[in-house]
Amino acid sequence: MSQPRVVAVHASTSHSFSKFTEEAITLLEGLGVQGDTHAGVTVQHRSRVARDASQPNLRQVHLLHAELFDELVAGGFAVFPGDLGENITIRGLDVLALPTGTRLRIGADAIVEITGLRNPCSQIDKFQPGLTAAVLDRDAQGNLIRKAGVMGIVLQGGEVRTGDAIEVMLPALPHVALIPV
């Protein structure tokens, strides 16, 4: 298998659902994507701020596998990188299978630690009806599978661009499966 790569990067200064494609984004240690509305030490997502604004921000960076877009387009949805609000779209890495605490070196300098799964919210169906069901699935045992990407925190800042290579650094055993954050 070839090395995983960044296929697109995105940011938005507003609490809009989708994010805008950029030439490059800058990850800031302990904060997230420079200029993005979700950057910060404490939670920035509106629903989480309403519950407890002092919670640590475990959702500084949203990463999504481009293969999901392939699946959604094949299913009749008009959805493309950035549309689901991710900051970094990746190809060639099953981000949903990574254990909690996995570190991704993206490009030359940036390191993002995966904190958990993105839990799809009602905004997805407002974007396109039926999309929520398309990003959820069930395994053979009936357990819910969330396919809307993963969230992470920035351990080391740096610039991230389309085409950047991604190095996967797994945490020590035992590995802990991702849960929604």
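Residues numbered from 1 in each chain as written. Predicted model: local features only at pLDDT ≥ 70, side-chain atom pairs only at ≥ 80, totals over all residues. Heavy atoms only, no water.

### Points about the packing of aromatic side chains
- Summed over all chains, the structure comprises one aromatic pair.
- Here the aromatic rings of Phe17 and Phe127 are separated by 5.3 Å at their centres, their planes lie at 40 degrees, and the arrangement is tilted. A residue pair is termed long-range when its members are at least 10 positions apart, and Phe17 in the loop between β1 (5-11) and β2 (20-22) and Phe127 in helix α3 (residues 123-127) qualify at 110 residues.
- The exposure class assigned to Phe17 is buried, which follows from its relative accessible area of 14%.
- With relative accessibility at 30%, the residue Phe127 sits in the partly exposed group. (Phe/Tyr/Trp six-rings, centres within 6.5 Å; stacked < 30°, edge-to-face > 60°. Helix = DSSP H or I, 4+ residues; strand = E, 2+ residues; numbered from the N terminus. Buried < 20%, exposed > 50% of the residue type's maximum accessible area, 1.4 Å probe, protein only.)

### What about the sheet that holds strand β12 (residues 158-161)?
- The strand order across the open sheet formed by three strands is β4-β3-β12, and the pairing between neighbours is antiparallel. Lying at the two open borders of the sheet, with one neighbouring strand each, are β4 (32-33) and β12.
- Looking at chain direction, strand β3 (residues 24-28) and β12 are connected through four bridges and run antiparallel. In the strand pairing of β12, Thr26 is matched with Glu159. (Pairing = 2+ DSSP bridges.)

From the geometry alone we can't say anything about function, so treat these as descriptive.
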